[in-house]
Amino acid sequence: MYKAKEQGRDTFQFYLPSMQLAASERLQMENDLRKAIHNGELSLHYQPQFSIDDRLMGAECLLRWLHPEEGMISQARFIPVAEDSGLILSIGEWVMRSACKQLRMWELEGRGGEINRLAINVSPKQFKQRDFVVMVSRIIEESGIDPSRVELELTEGMLLENVEETIDKMTQLKSIGISFAIDDFGTGYSSLSYLKRLPLDKLKIDQSFVRDIEKGDSGSAIVETIISMTHHLGLEVIAEGVETRGQLDFLKHSGCHHFQGYYFNRPLPVDEFEKELNESINPV
C-alpha cells in the first residue's frame, strides 16, 4: 500500500520479498533512532560560513547521529525515517534548543561578534506545527540569545504549501529578529511571485549548481541568474558546496558574497569549530 502511495496513488504494486526486508530495516532504524534520542547519540556539527574577504562570519548547524554499532549514520538514511515516524518533531526541538544553548555559550565567552549568524534547518513537518512560532520564541527567550543571530533555513516546497500561513509564521518570527533563508534554492518549484511576497532574507545556491560552474555550461548561467535576482530583490545570497578555488573565484566575480563548503572546511564538532574560530582571530 505504501509503495503504491509513493508512486502517486491510484495504482497498485505486487508484493516482493525485498519489500519486507526494506520494511524491517526501516522499523529497526526507527527503533534505533528512538534509543538514540534517549541515549544522547545525536549531536550538532557546525560548518563555517565565510564572507567575500575570507572572514568567518557564521555557521550552519547540522545534525549527526553516531550509532554505537554502525558508526556515523547518513542523514539521507535517518531523516526520512524521522519525518515519516513523527520523531522529527522532538528531534527538531532538540536541535533548536541545543543550537541556541551553544550560541548563548559563545556569547558568554565573548565570541558573539565572531558568529554573526547561526543557521538552523527546519523540517517541513516541524514548520507545519501549530505551535511552531510559540516553540521557537520560547526557546529564544529561555536561552537569552540575541534572536538576530538565528537564521532558520526552509526548503522551497515548504514555502509554497499554504502560502498565507507560511507568511504569517515567518512574519511573526521576523518581528522578534529571526531571519530566514531558502535552502537548496533552484532545486524545487519556486514561483517568483511568491518569492517576492515572502519575508525572506537570504537564498542558498544549491551545491549541484556550484559543482558545475567551472564547466561553463548552463550551470554557471543559472548561478549568475540566481545571484543577479537576489540582488534585485534586496536579498543576501550564499553558495554552498564550494570545493575549489575556481568555484570560489567564479562566485566572487559573479557577485556572491557568502560561501560554505569543503574548500573552507567540513562540518565540525563543536571543539574543532572553536579551533577554527580561534585561528580566524589569530591567523598564523
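Above this note sits the structure.
Worth saying up front: this structure is predicted, and the values here are computed from it rather than measured.

**Side note on the overall build of the chain**
And then number 1: When you go through the chain residue by residue, the secondary structure sums to 13 helices and 9 strands.
And then number 2: Taking all 284 residues of the chain together, the buried fraction comes to 46%.
And then number 3: Roughly 14,800 Å² of accessible area belongs to the chain as shown, and the carbon and sulfur atoms make up 52% of that amount.

**Overview of the state of the cysteines**
And then number 1: The tally for this structure, following the rule as stated, stands at 0 disulfides.
And then number 2: The thiol sulfur of Cys61 is not disulfide-bonded, and the nearest other cysteine sulfur, from Cys100, lies at 8.5 Å.

**Observations regarding the side chain of Thr230**
And then number 1: As for its position among the elements, Thr230 is in helix H11 (residues 218-233).
And then number 2: Under the relative-accessibility criterion, Thr230 is labelled buried at 0%.
And then number 3: One polar contact links the side chain of Thr230 to the main-chain carbonyl oxygen of Ile227, over a distance of 2.7 Å.
And then number 4: Excluding anything up to four places from it in sequence, Thr230 contacts Leu203, Leu235, Glu236 and Val237.

**Focus on the layout of surface pockets**
In this approach a probe as big as a water molecule rolls over the atoms, and the regions it shows empty are the leftover space.
And then number 1: Roughly 900 Å³ of volume is contained in the largest pocket.
And then number 2: Every residue lining the largest pocket is counted, 36 residues in all, and those nearest its centre are Glu60, Leu62, Gln75, Asn121 and Asp183.
And then number 3: The set of elements that each furnish at least two residues to the lining of the largest pocket consists of strand S1 (42-51), strand S2 (56-67), helix H3 (75-85), helix H4 (87-108), strand S4 (117-121), helix H5 (124-128), strand S5 (150-155) and strand S6 (179-185).
And then number 4: Its residues assigned to classes, the lining of the largest pocket shows 15 nonpolar, 12 polar and 9 charged.

**Some thoughts on the packing of H11 against helix H12 (residues 245-254)**
Relative placement of two packed helices is described by the angle separating their axes and the distance separating the axes.
And then number 1: Where H11 meets H12, the closest approach of the two axes is 10 Å, and the angle between their N-to-C directions is 40 degrees. As the angle between them shows, H11 and H12 are arranged oblique. H12 is crossed by H11, and the crossing has right-handed handedness. Contacts from Ser220, Val223, Glu224 and Ile227 of H11 reach H12 at Phe250, Leu251 and Ser254.
And then number 2: Looking at the contact of H11 with H12 residue by residue, the class counts come to 4 nonpolar, 2 polar and 1 charged.

**Looking at the nonpolar core**
And then number 1: Core analysis: the biggest nonpolar cluster contains 74 residues, and Leu33, Leu152, Leu200, Ile205, Leu251 and Phe273 have the highest contact counts within it.
And then number 2: For this core, the element with the most residues is H4, which contributes 9 residues.
And then number 3: Excluding anything up to four places from it in sequence, Leu33 contacts Leu42, Trp65, Phe78, Ala82, Leu87 and Ile91.

**Details of helix H6 (residues 132-143)**
And then number 1: An ideal rise of 1.5 Å per residue puts 16 Å on 12 residues; H6 measures up with 17 Å between its terminal C-alpha atoms.
And then number 2: Along H6, the positions that sit buried rather than exposed are Phe132, Val133, Met135, Val136, Ile139, Ile140 and Ser143. Viewed along the axis of H6, the buried residues span an arc of 165 degrees, placing them on a single side of the element. Opposite the buried face of H6, by more than 90 degrees, sit the exposed residues Val134, Glu141 and Glu142.
And then number 3: Lining the buried residues of H6 we find H4, H5, S5 and helix H8 (163-174).
And then number 4: Remark: Gly144 follows H6 within two positions and exhibits a positive phi of approximately 80 degrees.

What counts, and where the lines are drawn
- Residues numbered from 1 in each chain as written.
- Predicted model: local features only at pLDDT ≥ 70, side-chain atom pairs only at ≥ 80, totals over all residues.
- Heavy atoms only, no water.
- Helix = DSSP H or I, 4+ residues; strand = E, 2+ residues; numbered from the N terminus.
- Buried < 20%, exposed > 50% of the residue type's maximum accessible area, 1.4 Å probe, protein only.
- Areas by Shrake-Rupley, 256 points an atom, 1.4 Å probe, with all protein chains shown as cover.
- Disulfide = S-S within 2.5 Å.
- Polar contact = N/O pair within 3.5 Å; in protein donor to acceptor, adjacent residues only side chain to side chain.
- Contact = heavy atoms within 4.5 Å.
- 1 Å grid on protein atoms, 1.4 Å probe; cavity = no way out; pocket = protein on both sides within 12 Å on 5 of 7 lines; lining within 4 Å.
- Points joined across faces, edges and corners; volume = space filled by probe spheres on them.
- Nonpolar A, V, L, I, M, F, W, Y, C, P; charged D, E, K, R; others polar.
- Axes fitted to C-alpha atoms, helices over the stretch in contact; angles between N-to-C directions.
- Parallel < 35°, antiparallel > 145°, perpendicular 65-115°, else oblique.
- Left-handed = near helix turned anticlockwise from the far one by under 90°.
- Core = buried A, V, L, I, M, F, W, Y, C linked by side-chain atoms within 4.5 Å.
- Expected span 1.5 Å × (residues − 1).
- Arc of directions from axis to C-beta.

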